[in-house]
Each structure stands twice: as C-alpha cells, then as structure tokens.
Amino acid sequence: MTIEAPQPIGARRAMLPPIGLWWPMLEPTLQREILEHPSAPLRRVVVRRIYELCELERFPMRDYVRLSENERAYLAGWTHTAAWE
C-alpha cells in the first residue's frame, strides 16, 4: 500500500488538464501568448478557455495558475517539432 504525501489546500484545484488534450485545440493567439512567457502565470481567460476545451465545468479559483515543468517541456518539444514542419 502506498501513502501519498499530503498536498497543500487548493493544490488539486489549480492543476490544469493534461496539456496534450488542450494544447492542439487552443487558439494560435493564446498559444503564442503562452509561448512568449511559458513560466509566467496564465491569465484567467486562458485557464477558462483550457477548461472549456476539455469540457470541464470546475474552473480553478486561484489567483494564478502556472504551467508545470513537465508542461513547459512538452511545449519545448512541440515547438521543436513544429519548426521541422
């Protein structure tokens, strides 16, 4: 049996859906905004759009949401692949 480390209150709500689901559907203007500053907090409008694309109703009510290190690595790979097309 594995015991998970406790998460801070609200940490679960701030998680984005898997980036592989929403990134390909995200509008190019919002993609460019994220790519310009991938470690910056995402605007609430962007997070709301991500949740809409994934058909999720519960929107995180945090002050800010940032991409994780793994999500930023996904974007780095995506931009590298897109540059080869």
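The structure under discussion appears in the preceding block.
Each chain has its residues counted from 1, running along the sequence as written. Whole-chain, interface and lining totals are the exception, using all residues; otherwise, since this is a predicted model, local features are given only for residues with pLDDT of at least 70 and side-chain atom pairs are given and counted only at 80 or more. The basis for every side-chain value is the complete set of heavy atoms in the structure, and neither hydrogens nor water enter the calculation.

Trainee: How should the overall build of the protein be read in this particular structure?
Mentor: A tally of helices and strands in the protein yields 4 helices and 0 strands. Reading the protein from its N end, one meets helices and strands in the order α-α-α-α. Long-range pairs, those at least 24 residues apart, make up 64% of the contacts in the protein with a sequence separation of at least 6. Counting only carbon and sulfur atoms, one obtains 56% of the accessible surface of the protein, whose full area is about 6,600 Å². What counts as a helix is a DSSP run of H or I of at least four residues, what counts as a strand is a run of E of at least two, and both are numbered from the N terminus. Throughout, a contact is declared for two residues whenever any of their heavy atoms are within 4.5 Å. Computed by Shrake-Rupley with a 1.4 Å probe, the accessible areas treat only the displayed protein chains as cover when residues are assessed.

Trainee: So what exactly am I meant to see when it comes to the packing of aromatic side chains here?
Mentor: Two descriptors summarise a pair of aromatic rings, namely the distance from one centre to the other and the angle between the planes of the rings. Aromatic rings from Phe, Tyr and Trp, taking only the six-membered ring of Trp, are treated as a pair when their centres fall within 6.5 Å; an angle between ring planes under 30 degrees marks them as stacked, one over 60 as edge-to-face, and anything in between as tilted. By the definition in use, this model includes 2 aromatic pairs. Aromatic side chains Trp22 and Trp23 sit 6.0 Å apart centroid to centroid with 70° between the ring planes, which places their arrangement in the edge-to-face category. The exposure classification of Trp22 matches that of Trp23, with both residues buried. Aromatic pair Trp23 and Trp78: ring centres 5.2 Å apart, planes at 85°, arrangement edge-to-face. Within this pair, whereas Trp23 is found in the loop between α1 (19–22) and α2 (28–36), its partner Trp78 is found in helix α4 (residues 69–84), the two being separated by 55 residues in sequence. Given the relative accessible area of 0%, Trp23 is considered buried. Burial classes follow relative accessibility: with a 1.4 Å probe on protein chains only, a residue under 20% of its type's maximum area counts as buried, one over 50% as exposed, and anything between as partly exposed.

Taken by themselves, the reported measurements are silent on function.
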